[in-house]
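Fold and geometry: a report
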Amino acid sequence: MSTRKDIDPVALRAHLMERRADLERDDADHRGDRAPVELDQQAVGRLSRMDAMQVQAMAVATHERRLREIARIDAALKRLDDGDFGYCVSCDEPIAAKRLDLDPAVPTCIKCANEAEHHEA
């Protein structure tokens with residue numbers, strides 16, 4: 001495949017790289033939130049420990065979501081390098097420009113995304 005004419009690869013790469021850097025920066029800023037919770041009963045009460053454990057669990061889940069998004073961005077950058085960007089990874093049809101505007105890292109057209117969603121349900 002070749003790069004689509006309606007896609008500016010330079011601007012797209014810059015946008016994806018900026019989004020990736022933002023995710024990495026956010027992840028680094030919240031690294032401490034994922035640290036194990038101290039169970040020192042002398043320093044913190046039981047409810048405070050439970051709150052801290054809940055905050056830590058949410059921070060871990062957010063970290064995992066960031067890692068998945070970074071992986072999606074990396075895959076989009078690879079598709080851009082390979083000349084496959086903007087084409088559905090499932091059916092090779094062009095992905096709608098509006099869909100790519102909303103999420104440039106999206107790998108599938110709306111039809112294939114809907115089909116995959118129905119198979120998961």
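So, here is what we can say about the structure in this document.

A few words now on the overall build of the protein. Tallying secondary structure elements over the protein gives four helices and zero strands in all. Traced from its N-terminal end to its C-terminal end, the protein shows the element sequence α-α-α-α. Residue burial in the protein is summarised as follows: out of 121 residues, 26% are buried. A separation of at least 24 residues holds for 56% of the contacts in the protein among residues at least 6 apart in sequence.

Here we take up helix H1 (residues 9-29). Because the α-helix completes a turn every 3.6 residues, residues three or four places apart line up on one side. Counted at 1.5 Å a residue, the expected span for H1 with its 21 residues is 30 Å, and the 30 Å between its end C-alpha atoms agrees. Looking only at H1, the buried set comprises Leu12, Leu16, Arg20, Leu23 and Asp27. Burial along H1 is one-sided: seen end-on, the buried residues are contained in an arc of 65 degrees. Pointing more than 90 degrees away from the buried face of H1 are the exposed residues Val10, Glu18 and Asp29. Residue aspartate 8 occupies the N-cap position of H1, its side-chain oxygen lying 3.2 Å from the main-chain nitrogen of valine 10.

The rules behind these values
- Residues numbered from 1 in each chain as written.
- Predicted model: local features only at pLDDT ≥ 70, side-chain atom pairs only at ≥ 80, totals over all residues.
- Heavy atoms only, no water.
- Helix = DSSP H or I, 4+ residues; strand = E, 2+ residues; numbered from the N terminus.
- Buried < 20%, exposed > 50% of the residue type's maximum accessible area, 1.4 Å probe, protein only.
- Contact = heavy atoms within 4.5 Å.
- Expected span 1.5 Å × (residues − 1).
- Arc of directions from axis to C-beta.
- Polar contact = N/O pair within 3.5 Å; in protein donor to acceptor, adjacent residues only side chain to side chain.

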